[in-house]
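So the chains spell out like this:
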Amino acid sequence: MKISSSPAALTDHKKSALIAFFQGSENLLPAGNAALKKQIDALVKNSAFKGQAGQTAVFPMDGNQLIVAGIGEAAHFHNGLLEQAAAAAVKTGKAAGCTSFAVPASIRLKGLNAADYHLLAGRGAAWGTYSFDTFKSDSKKAPAYSLTFCGEVKDRSGIKAAQAQEAALLTTADLANLPGNEAPPVKIADWARKMAKANGLSCRIMDKAALEKKGCGGILSVAQGSAQDARMIILKHEGTDPKARPVVLVGKTVTFDSGGISLKPGKGMGWMKYDKCGGMAVLTAMQMIARMNVKVPVIGILGAAENMPGSRATRPGDIITAYKGKTVEVLNTDAEGRLVLMDALGLGADRKPRAMVDLATLTGACIVALGSSASAILGNDQKLVDTLIQHGAAAGERLWQLPLYKEYSDDMKSDFADLSNICKSGTAGTATAAAFLQEFVPADIPWAHFDIAGTAWVEAPKPHQDPGATLFGARTLAQWIAELD
Ligand code: BES
Ligand code: ZN
Ligand code: ZN
């Protein structure tokens, strides 16, 4: 989507559909638009539109369309609702045949600065144009969409960030939504290599032989039941001082999770094509980071493997050795994400990062705890966790902290190896999984883990998006890293 600004008044953009945001019954049009506000309020007044979160409506106005979009009542507001309202507005407009959209250059919303408004609205609008129709025989070429912020824009940073970020989201969504047969680890690696080249990132791919040579027994044990070989994908953004300590981002990229020998039940198993979404968020963030020319060096590591129950598959009870030598008893082959991540985190730690963040669709327990409303965050450094929660809130992605008590680490001990891949107690599934990961992060590296099991994709149609990947996490990472120096 082309995102730009124009100093002209909103009413001068008659070729575009106008989007107006509502907080409940409150029209958020900025001051100085009294006549227009009156006209819009009159249209909305006797309609079913109540400005609820995700609610939209279309009215004919001045020879074009008016699209109103709700963010709900003030008491329940979070930034994600604004991004979603912009997406819902454009999605509704798209269905009504609109391709050109205009929004006010500012919004009357307490606590939201102009730049964040531009980023949220711009990114959301672009997301609203997206549909995954790679496999629809009747799909047509998408038209060119545009969004114009109308009125005075003093700080252009939010518009620039939205421009830098929107294509990263839309192109990676096409990869994230591919099913397991279309996106095995080798394909993800090829895609990453091309993306890196196009964006000035360096890219190194470790194949099976390289992983064996390094002793990455975790990712190899996950892949060994599959005909598809594993790949460890390592991307690097140099930043302005390549000698500075990097930020390392690690993503679980399980291209399909059948559960392995500990086979999952059939119902809903198709969604496990989205078990690669930690890696997809990292790919998106790396692309955003490259396009925003951020100052700090950033390394992205994707552990890509398919978890299948073939005759060579890891058996429950097998003992494997992680990169760097810790031994792990695999008591449940469906707890495979942590086995991929233990090697990836070890490789990440070798880079002596100033901070390391991993993202993974790691535990069903996270969905039990938080549903799809927030991702869980856990870590060994409260300052890092707090910063990420804050940047997540600004970026429209909610993160909720869970503790990492010592009991959880104790619960991951094995009778026969250093660690077990499942907890003995069968409780605190999200925290015990994180406690397992913590064993592979040296204590002097600030580290945080996002469990995105409930947020990485949506299963039922929403006003702001159809079923599919959300790329949750990428927006937070970009927001955070862009501000580091
Ligand atoms: N990929 C799953 C977690 C998951 C489940 C994400 C549903 C999103 C939706 C993960 O590999 C897994 O199967 N975890 C097990 C761990 C258990 C065996 C300790 C789980 O959560 O049941
Ligand atoms: Zn699993
Ligand atoms: Zn999994």
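How each quantity is defined
Residues numbered from 1 in each chain as written. Chains lettered and ligands numbered in written order. Predicted model: local features only at pLDDT ≥ 70, side-chain atom pairs only at ≥ 80, totals over all residues. Heavy atoms only, no water. Donors = N, O, S within 2.8 Å, 3.2 Å for Na, K, Ca; no water. Tetrahedral: all angles 85-135°; square planar, octahedral: opposite > 155°, others 65-115°. Buried < 20%, exposed > 50% of the residue type's maximum accessible area, 1.4 Å probe, protein only. Domains from an automatic or database assignment. Buried area = accessible area lost by both parts, 1.4 Å probe. Salt bridge = Lys/Arg side-chain N within 4 Å of Asp/Glu carboxyl O. Helix = DSSP H or I, 4+ residues; strand = E, 2+ residues; numbered from the N terminus. Contact = heavy atoms within 4.5 Å. Pairing = 2+ DSSP bridges. Right-handed = clockwise from strand over helix to strand, strands pointing away. Near = heavy atom within 4 Å. Polar contact = N/O pair within 3.5 Å; in protein donor to acceptor, adjacent residues only side chain to side chain. Areas by Shrake-Rupley, 256 points an atom, 1.4 Å probe, with all protein chains shown as cover. Nonpolar A, V, L, I, M, F, W, Y, C, P; charged D, E, K, R; others polar.

**Q** Which residues make up the coordination of the zinc ion (ligand 2), and what values do they have?
**A** Around the zinc ion (ligand 2), the protein supplies Asp257 (OD), Asp334 (O), Asp334 (OD) and Glu336 (OE) as donor atoms, at distances of 2.0 to 2.2 Å. Classification of the site at the zinc ion (ligand 2) rests on its six donor atoms, whose angles at the metal span 73 to 168°, yielding the label irregular. Read N to C, the donor residues that coordinate the zinc ion (ligand 2) are spaced as D-x76-D-x1-E. A spacing of 3.2 Å is found between the zinc ion (ligand 2) and the zinc ion (ligand 3), which share Asp257 as a donor. For Glu336, a relative accessible area of 0% corresponds to the buried category.

**Q** Which residues make up the domain arrangement of the protein chain, and what values go with them?
**A** In terms of domains, the protein chain is made up of domain 1 (2-152) and domain 2 (166-482). Across the domain 1 to domain 2 interface the summed buried area is about 1,900 Å²; carbon plus sulfur atoms make up 60%. Three residues stand out in domain 1 for area buried against domain 2, namely Arg123, Trp127 and Tyr130, and they jointly supply 35% of the buried area on that side. Counting across the domain 1 and domain 2 interface gives two salt bridges. One salt bridge connects Glu83 with Arg475, and the closest N-O pair in it is separated by 3.2 Å.

**Q** How would you sum up the side chain of Ser6? Please name residues and give values.
**A** Looking at the element boundaries, Ser6 is found in strand β1 (residues 2-6). Owing to a relative accessible area of 13%, Ser6 belongs among the buried residues under this scheme. When near neighbours in sequence (up to four residues on either side) are disregarded, Ser6 contacts His13, Thr148, Phe149, Cys150 and Gly151.

**Q** Lay out the pairing of strand β7 (residues 146-150) in plain terms, naming residues and giving numbers.
**A** With five of its five residues buried, β7 lies for the most part within the structure. Burial along β7 is two-sided: Ser146, Thr148 and Cys150 and Leu147 and Phe149, pointing in opposite directions, are all buried. Two strands pair when backbone bridges link them, and β1 and β7 are joined in this way by five bridges, in the parallel orientation. Residue pairing for β7: Ser5 is matched across the bridge by Phe149. In this fold, strand β6 (residues 100-104) hands off to helix α3 (residues 114-128), which returns the chain to β7; that crossover is right-handed.

**Q** Lay out the coordination of the zinc ion (ligand 3) in plain terms, naming residues and giving numbers.
**A** At the metal site, the zinc ion (ligand 3) is ligated by Lys252 (NZ), Asp257 (OD), Asp275 (OD) and Glu336 (OE), and these contacts range over 2.0 to 2.4 Å. Classification of the site at the zinc ion (ligand 3) rests on its six donor atoms, whose angles at the metal span 77 to 173°, yielding the label octahedral. When the donors of the zinc ion (ligand 3) are listed by position in the chain, the intervening gaps give K-x4-D-x17-D-x60-E.

**Q** Go over the site of ligand 1 with me, naming the residues and quoting the values.
**A** Looking at ligand 1, there are 17 residues lining it, with Lys264, Asp275, Asp334, Glu336 and Gly364 nearest. Lys252 is positioned with one of its side-chain polar atoms (N or O) 3.2 Å from an oxygen atom of ligand 1. Within the side chain of Asp275, a nitrogen or oxygen atom sits 2.8 Å from a nitrogen atom of ligand 1. In isolation ligand 1 has 520 Å² of accessible area, and contact with the protein removes 78% of it. Among the secondary structure elements, those contributing two or more residues to the shell around ligand 1 are β10 (247-257) and α10 (364-370). Residue composition of the shell around ligand 1, by class: six nonpolar, four polar and seven charged.

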